[in-house]
Amino acid sequence: MRNPVPDYLHEILDSLRDDRAGTVADYIPQLADADPDVLGVALAIPNGRTYSVGDDRVEFSIQSISKPFAYAAALIDRGADAVDATVGVEPSGEAFDELSLEGGTHRPKNPMINAGALAVHHLLAGDDATSQDRVTRIVEFLSELAGRVLTVDEDVYRSEIETADRNLAIVHMLRNYGVVAGSAHAVVDGYTRQCAVRVTVRDLAVMGATLANAGVQPVTGNRVVPAAVARRTLAVMAGCGMYDAAGDWLVRVGIPAKSGVAGGLMGALPGELGLGTVSPRLDTHGNSVRGVAICERLSRDMGMHLM
Ligand code: DON
């Protein structure tokens, strides 16, 4: 019997094929060379079945979609108290690359903005971790989530690190406030490698499905994330995952999600499914224009809104 899901997904992509709104990120030089017409979508359900259409085998850098997973890894490695002492859980209402620190504590407001993600990266792999330990930890963790060995795109890494002045400035401020210890360069270096990990929409869908599935990877059956960590990660994604568009996203789409500047978007609907999309043209918030449109369509047609 023919499966209607791929036909439906093809129909959604076809309806968006001519939408050329938005611009490819160019503050990371390597990303400016991306093919702006790439368009793909994947859905993964808790029994491990994954549906994907369009450019579903094209690899792109995970970028900020690594942030919720690094947050989950830091919660596992250091416990909630240590993580809470370093980063908050409140939406910043500001762009992803603003400093956005809390008054008083000087903690970054949440782990989805760059300031919070840089602080979280520095917590990875325990107290005496080296920068290499942190990179190994996050790349292996992302690989476990995807169910295959993921690797760093060295060209994207090099291109971003050469122009990473803003992230370096953020970590220097965090060091000044005592939120981050050790070398600022090592933190930015490791975080930039974390962001340069290559994924496909199928990987993102399965990784999202793992969070949606209370931490059990649906294809391998492995428990990769404790249930309480998966729940907390989804909660922070819901509130902060789409940056200064987070409120609008929650009203229009209603699925905990995270976007990345390479054009990826990952969503996780608790108990139901994970989804991944790619389309490199971004809106003014840094979210993929057609990725957001795909999610809006899925949410509306399939009653996927949480509320
Ligand atoms: O740190 C940065 O600016 C990038 N490596 C990641 C930013 C990002 O993906 C923002 N998301 N839309």
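Values in this document were obtained by computation on a predicted structure and should not be read as measured data. (Residues numbered from 1 in each chain as written. Predicted model: local features only at pLDDT ≥ 70, side-chain atom pairs only at ≥ 80, totals over all residues.)

**With respect to the overall build of the chain**
- A count of helical and extended segments in the chain gives twelve helices and nine strands.
- On C-alpha atoms alone, the chain measures out to a radius of gyration of 18 Å, which is about the 19 Å that the 2.2 N^0.38 rule sets for 307 residues.
- Projected onto the principal axes, the alpha-carbon positions of the chain cover approximately 60 × 35 × 35 Å.
- When each of the 307 residues of the chain is scored for burial, the buried share is 55%.
- Long-range contacts, defined as pairs at least 24 residues apart, comprise 67% of the intrachain contacts of the chain with a sequence gap of at least 6. (Helix = DSSP H or I, 4+ residues; strand = E, 2+ residues; numbered from the N terminus. Rg over C-alpha atoms; globule rule 2.2 N^0.38 Å. Buried ≥ 20, exposed ≤ 12 C-beta atoms within 10 Å, placed from the backbone. Contact = placed C-beta atoms within 7 Å.)

**As for the site of the ligand**
- Neighbouring the ligand are Gln 63, Ser 64, Phe 96, Asp 97, Asn 114, Glu 160, Asn 167, Cys 195, Ser 259, Gly 260, Val 261 and Gly 286.
- Here the shell around the ligand is composed, by residue class, of three nonpolar, seven polar and two charged.
- Domain assignment of the residues forming the shell around the ligand places at least three in each of domain 1 (4–63 + 197–301) and domain 2 (65–194). (Near = placed C-beta within 6 Å. Nonpolar A, V, L, I, M, F, W, Y, C, P; charged D, E, K, R; others polar. Domains from an automatic or database assignment.)

**A few points about the environment of Gly 303**
- For Gly 303, the position within the fold is in the segment after helix H12 (289–302).
- In sequence terms Gly 303 and Gly 254 are 49 residues apart; their C-alpha atoms lie 9.9 Å from each other.

**A few points about the packing of helix H5 (residues 131–146) against helix H8 (residues 184–195)**
- Contact geometry of H5 with H8 gives a least axis separation of 9 Å together with a crossing angle of 20°. Relative to H8, the element H5 is oriented roughly parallel. Crossing hand, H5 versus H8: right-handed. In contact with Ser 131, Arg 134, Val 135 and Ile 138 of H5, H8 contributes Ala 186, Asp 189, Gly 190, Arg 193 and Gln 194. (Axes fitted to C-alpha atoms, helices over the stretch in contact; angles between N-to-C directions. Parallel < 35°, antiparallel > 145°, perpendicular 65-115°, else oblique. Left-handed = near helix turned anticlockwise from the far one by under 90°.)

**Topic: the packing of helix H3 (residues 66–86) against helix H10 (residues 227–240)**
- Closest axis-to-axis distance for the H3/H10 pair is 10 Å, and the angle between their directions is 145°. Considering how the two elements wind past one another, H3 and H10 form a crossing that is right-handed. Where H3 abuts H10, its residues Pro 68, Tyr 71, Ala 72, Leu 75 and Ile 76 lie against Val 229, Arg 232, Thr 233, Val 236 and Met 237.
- Across the contact of H3 with H10, the residue classes tally to eight nonpolar, one polar and one charged.

**Some remarks on the UniProt feature "binding site: substrate" (unreviewed entry) in the chain**
- In the numbering used here, UniProt assigns the feature "binding site: substrate" (unreviewed entry) to Ser 64, Asn 114, Glu 160, Asn 167, Tyr 191, Tyr 243 and Val 261.
- By secondary structure assignment, the location of Asn 114 is in helix H4 (residues 114–123).
- Ignoring any residue separated from it by four or fewer positions in sequence, one finds Asn 114 in contact with Phe 96, Asp 97, Asn 167 and Ile 170.
- Residue placement: Tyr 243 occurs in the loop between H10 and helix H11 (246–252).
- When neighbours within four sequence positions are excluded, Tyr 243 is seen to be in contact with Ala 95, Phe 96, Ile 113, His 285 and Gly 286. (UniProt positions renumbered as here; feature names shortened; annotations may be inferred.)

**Section: the domain arrangement of the chain**
- Domain boundaries in the chain define domain 1 (4–63 + 197–301) and domain 2 (65–194).
- Here the C-alpha centre of domain 2 lies 21 Å away from the C-alpha centre of domain 1.
- Between domain 1 and domain 2, the residue contacts involve 39 residues of the former and 35 residues of the latter.
- For the side of domain 1 that touches domain 2, the secondary-structure elements that each account for two or more residues are helix H2 (29–32), strand E5 (198–199), helix H9 (201–212), H10, strand E6 (257–259) and strand E7 (264–269).
- When residues in the side of domain 1 that touches domain 2 are grouped by element, the largest group, seven residues, is from H10.

**Notes on the pairing of strand E3 (residues 50–54)**
- Within E3, four of the five residues are buried, which leaves the element mostly enclosed by the surrounding structure.
- Hairpin connection, strand E2 (residues 40–44) to E3: the antiparallel pair is bridged by five residues, and Gly 48 has positive phi, about 95°. (Pairing = 2+ DSSP bridges.)

**Brief notes about the pairing of strand E8 (residues 273–278)**
- Most of E8 sits out of view: six of its six residues are buried.
- In E8, alternate side chains face the same way, and those of Leu 273, Leu 275 and Thr 277 on one face and Gly 274, Gly 276 and Val 278 on the other are all buried.
- Relative to E8, E2 runs antiparallel, the two sharing five bridges. Pairing of Gly 40 across the sheet is with Val 278, part of E8.
- Here E7 folds back onto E8, and the loop between the two strands holds three residues, one of which, Gly 271, carries a positive phi near 75°.

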